[in-house]
Amino acid sequence: MIENAALLEDEDRIKPVNSVEDLLERISAYYPNADLDFIRRAYELSEKAHQGQIRRSGEAYIFHPLSVAGILTELKLDLATVATGLLHDTVEDTSVTLKDIETQFGKNVALLVDGVTKISQMSFKNTHAKQAENIRKMIVAMGKDIRVILVKLADRLHNMRTLNHMPYHKQAVIAEETLEIYAPLAHRLGISAWKIELEDLSLRYLKPDIYYSLAQKVARKKKEREKYIDDVKDILLKEMKAASLPCEIQGRPKHLYSIYKKMLERNIEFEQVHDILAFRIIVENVAQCYEALGLVHSMYKPIPGRFKDYIAMAKTNNYQSLHTTVIGPDAERIEIQIRTKDMHDVAERGIAAHWNYKVGGEAENTTIQKFNWLKDILNLQQSVGDSSEFLENVKTDLFDQELYVFTPQGHVHELPEGATPLDFAYSIHTDLGHKTYGAKVDGRIVPLKHKLKNGDTVEILTSPNQKPSKDWLKMCITSRAQSKIRSYIRSEERKRAIEIGKDLVEKALRANSLSPDKYLKGQNLEKILQTIKLQEIEEVFMQVGYGKLLTSAVTDIFVEKNQAEIQQKEQDTFIQKVFKSAANKKRSDSLVIVDGMHDLLVRYGKCCQPIPGDPIIGFISRGRGVTIHRASCSKVFATDMDRRVDVSWNTHSDSGGMTKIRIVCQDSPGLLQKLSEPFANSGVNIYNAKIRTNKDQKAICIFDVKVRNTNELMQVIQGLQKIKGVIKVDRVSGI
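Note that the structure is a prediction, hence the values are computed from the model and not measured.

1. Comments concerning the nonpolar core
Note on soluble globular proteins: their nonpolar side chains tend to be buried together. Counting 64 residues, the largest nonpolar core has Leu23, Ile27, Ile39, Leu153 and Trp194 as the members making the most contacts within it. The dominant element in this core, judged by the number of residues it contributes, is helix 10 (residues 147-161), at eight residues. In this view, Leu153 contacts Tyr182, Leu185, Ala186, Leu189, Trp194 and Leu198; residues no more than four positions away in its chain are not counted. Counting residues in each nonpolar core, the second largest holds 24 residues, with Met240, Tyr300, Ile311 and Val326 among its members.

2. Quick notes on the sheet that holds strand 20 (residues 698-707)
One open sheet accounts for four strands, arranged 19-20-18-21; its pairing is antiparallel. Whereas interior strands pair on both sides, the edge strands pair on one side only; in this sheet they are strand 19 (685-693) and strand 21 (726-732). In this sheet, adjacent strand axes meet at a mean angle of 20 degrees when their direction is disregarded. Pairing geometry for strand 18 (residues 657-666) and strand 21, over six bridges, is antiparallel. Pairing of Ile663 across the sheet is with Val729, part of strand 21.

3. A short note on the packing of helix 14 (residues 222-242) against helix 16 (residues 286-299)
Interaxial distance between helix 14 and helix 16 falls to 11 Å at its minimum, and their mutual angle equals 120 degrees. As the angle between them shows, helix 14 and helix 16 are arranged oblique. Crossing geometry of helix 14 relative to helix 16 is assigned as right-handed. Contact residues: Ile235, Leu236, Glu239 and Met240 in helix 14; Ala292, Leu295, Val296 and Met299 in helix 16. In terms of residue class, the contact of helix 14 with helix 16 is made up of seven nonpolar, no polar and one charged.

4. Comments concerning the sheet that holds strand 11 (residues 458-462)
If you trace the three strands from one edge of the open sheet to the other, you get 10-9-11, paired in antiparallel fashion. The open sheet is flanked by strand 10 (444-446) and strand 11, the only strands paired with a single partner. Pairwise comparison of adjacent strand axes, ignoring direction, gives a mean angle of 35 degrees for this sheet. Note: strand 9 (residues 436-441) against strand 11, five bridges, orientation antiparallel. Bridging from a neighbouring strand, Lys440 pairs with Glu459 of strand 11.

5. So, the pairing of strand 14 (residues 616-621)
Counting buried residues along strand 14, six of its six residues qualify, which places the element largely inside the surrounding structure. Going residue by residue along strand 14, you find Ile616, Gly618 and Ile620 tucked away on one face and Ile617, Phe619 and Ser621 tucked away on the opposite face as well. Direction of pairing for strand 14 relative to strand 15 (residues 625-630): antiparallel, over a ladder of six bridges. What sits directly across from Ile617, in strand 15, is His629. Pairing analysis gives two bridges linking strand 14 to strand 16 (residues 644-645), with the strands arranged antiparallel. Bridge pairing in strand 16 places Gly618 opposite Val645.

6. A look at the packing of aromatic side chains
Tallying each qualifying case throughout the model produces six aromatic pairs. Its end group placed over the ring of Tyr61, Arg55 keeps NZ or CZ at 6.0 Å from the ring centre.

7. Some points on the side chain of Thr162
Residue position: Thr162 is located in the loop between helix 10 and helix 11 (168-188). Given a relative accessible area of 18%, Thr162 falls into the buried group. Reaching out from Thr162, the side chain makes a polar contact with the backbone oxygen of His158 at a distance of 3.1 Å.

8. Digging into the pairing of strand 9
One ladder, built from three bridges, connects strand 9 with strand 10; its direction is antiparallel. Of the residues in strand 10, the one forming a bridge with Val441 is Arg444. The hairpin formed by strand 9 and strand 10 contains two residues between the paired strands, and Asp442 there has a positive phi angle of roughly 55 degrees.

9. So, the confidence of the model for the protein chain
Mean pLDDT over the protein chain stands at 80; residues scoring 70 or higher make up 83%. Of all secondary-structure elements in the protein chain, the lowest mean pLDDT belongs to helix 1 (residues 2-6), at 39, while helix 16 reaches the highest, 94. A low-confidence stretch, residues 120-124 (pLDDT under 50), is modelled with five contacts involving residues beyond four sequence positions or located in other chains. Taken together, the stretch residues 356-369 has pLDDT below 50 and engages in 32 contacts with residues farther than four places along the chain or on a different chain.

10. Quick notes on the state of the cysteines
Inspection of every chain in the model, using the stated rule, returns zero disulfides. The thiol of Cys701 is unpaired, and the distance to the nearest cysteine sulfur, on Cys665, comes to 4.5 Å.

11. A look at the side chain of Thr420
Looking at the element boundaries, Thr420 is found in the loop between strand 8 (412-415) and helix 20 (421-428). On the accessibility criterion, Thr420 (4% relative accessible area) is buried. Only 2.5 Å separates the side chain of Thr420 from the backbone oxygen of Met475, close enough to count as a polar contact. Aside from chain neighbours lying at most four places away, what touches Thr420 is Leu448, Lys449, His450, Leu452, Met475 and Cys476.

12. Brief notes about the environment of Val232
Turning to its location among the elements, Val232 is positioned in helix 14. The exposure class assigned to Val232 is buried, which follows from its relative accessible area of 0%. As for Val232 and Gly251, which are separated by 19 residues in sequence, their C-alpha atoms are 8.6 Å apart. Each residue touching Val232, except ones within four places of it in the same chain, is listed here: Phe279, Pro329 and Ile334.

13. Here's the deal with the pattern of salt bridges
Within this structure, the stated rule accounts for 19 salt bridges. Residues Arg41 and Asp37 are paired through a salt bridge, measuring 3.5 Å at the closest nitrogen-oxygen approach. Within this pair, Arg41 and its partner Asp37 are both found in helix 3 (residues 36-49), separated by four residues, close to a single helical turn. Classification of Asp37 as partly exposed rests on a relative accessible area of 44%. Put simply, Lys470 and Glu493 hold a salt bridge, and the shortest N to O gap is 3.5 Å. Here Lys470 is found in the loop between strand 11 and helix 22 (479-511), whereas its partner Glu493 is found in helix 22, with 23 residues between them in sequence. A relative accessible area of 49% places Lys470 in the partly exposed class.

Analysis parameters
- Residues numbered from 1 in each chain as written.
- Predicted model: local features only at pLDDT ≥ 70, side-chain atom pairs only at ≥ 80, totals over all residues.
- Heavy atoms only, no water.
- Core = buried A, V, L, I, M, F, W, Y, C linked by side-chain atoms within 4.5 Å.
- Buried < 20%, exposed > 50% of the residue type's maximum accessible area, 1.4 Å probe, protein only.
- Helix = DSSP H or I, 4+ residues; strand = E, 2+ residues; numbered from the N terminus.
- Contact = heavy atoms within 4.5 Å.
- Pairing = 2+ DSSP bridges.
- Axes fitted to C-alpha atoms, helices over the stretch in contact; angles between N-to-C directions.
- Parallel < 35°, antiparallel > 145°, perpendicular 65-115°, else oblique.
- Left-handed = near helix turned anticlockwise from the far one by under 90°.
- Nonpolar A, V, L, I, M, F, W, Y, C, P; charged D, E, K, R; others polar.
- Phe/Tyr/Trp six-rings, centres within 6.5 Å; stacked < 30°, edge-to-face > 60°.
- Lys NZ or Arg CZ within 6 Å of the ring centre and 35° of its normal.
- Polar contact = N/O pair within 3.5 Å; in protein donor to acceptor, adjacent residues only side chain to side chain.
- pLDDT = per-residue confidence, 0-100.
- Disulfide = S-S within 2.5 Å.
- Salt bridge = Lys/Arg side-chain N within 4 Å of Asp/Glu carboxyl O.

As structure tokens, this is what we get:
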């Protein structure tokens, strides 16, 4: 069966839990003295609460929490965590309350269930904002108890296993979120089996044609691959035995998503991916790891630049191993990982391998101290007010970090691949980052956008007169650096807005023969703040400076006019004023509704080119109306929240929007005709096309198209992915 070839091999699959008895048997295997009645009671409450509820697959709902609990036992987790797996949906989907859970199972389980429960009581402007806040809540809860994320990962893993029962548009959304958030989380927690399965399942639903094509190609060579693995294992075992080095050797192909990623990174076809086989040599101690490495390199020629020592310098998820890629038998490239049994346990079970049981079967939650990246994320969420910005930062922080650079004093700093001196400076201290004007790498002066390499020694050059600018956002990739730069820019924008607003208010008061010194103090100031419903005069100035408040809103408080006229002026917001005076400017076709109003002057960000269906955010640009950006656009996060206005797509409009599609494919005759067919079939018009070829005979095509919404865009992308020779299709930014 193709799916078995694409995911874990059949012999590696753990038998699923089909009943509470199966679950109790699993727990007893690793925790003989467990209070099984505790788990049985949790199951009975969950079964009663979900009675009558049916999943989309048609099976009783109780099989979902039972399966989640079963997945948690694979990591040999404590009773409270397994019970939470059984109860995780009760508060969200049934009449059971947290108080009920606390009464029956204790405060510990109640806190875990609360951490896993989604936010459903609050109202949000769009699903993007709601999901961002849910992720934020999950991360905060994870900081208090790491077991929260383990339950969420098990929940997501089972949902991904049964995703085929969901509508297609939901499959794509859930799979994308899994690939961006949950799979990297599993990786950062060191749970490799979960990470691999989440990635492969995400690929299956995001790019089904690529997934099944790779699955078939891998399955086609299964017998040949198995023989090769057995032969290499025999050779390695013979050499290790001759050297009196006891060990266990495992061999398997890399998983599909790993192969797909390699094809994208190297811009190659499946047939050109050579190192798809990986071997593990598991020995007794660290000294034997290096001894085994020497034997391997004496047997097979190592490939330069492909050796990594994660024992001397462990990954942030505490993963330790030696990695080397060599030219094996028949000139095949093979990757070999060498580690101890303890290291292997950590690699397979991740954070759960550190679990220490107290009397009674509870887990000590001290392992969070080993994960500095989690501390960084928790600190970040405290300094970032907007949930959408926090979500984007989390996505960045969860990517694997494999770059080690040094200070002139020899201190090591870990950064993601592609990091620059600015990232390095901000990783040390915010003030150092703000004052950076240059850097030296290994004694040589480099620009701020210079990409650091593993082992670089970096010296930061500073000046007290240096200040961050928006251009810096393009010169760094870490969320910490970008967050600090955005924060500084927003602070400066606010100061400038307050200065402009104060000047405008004072001029308006003088124009009405009112003294600013008199009317911006004492009782008059109190009257202004009470009428406008703001706390401080700086807020008034800032709103005027940003254009969200008219100066007449201040002056009319003290100028005697007809009451009806005053009320009318108070209702006039800046946005309405701009649009009433913009008769000679191009108006929107009501594609976007601003603050509930249609047919207003709006502009669409060229940086992200939003189209109907995208989560969007709008912000005021004085004299230029409202600019619409995608909620995930990096430019949005650099703007002050006070400039933002509520915007939404007009579901009754069929105007659509412009976007760009980039296609990487094999250069071949009749290419343009093949690529144009999916557009024609979907009724999508191509406004502009740019096609170029590179040295390795790959064609890169960029099409400017107008689509009605994101669903139509996805339909076109799917059609393009089915064309033979197409390597990659994605939507790109406007500039």
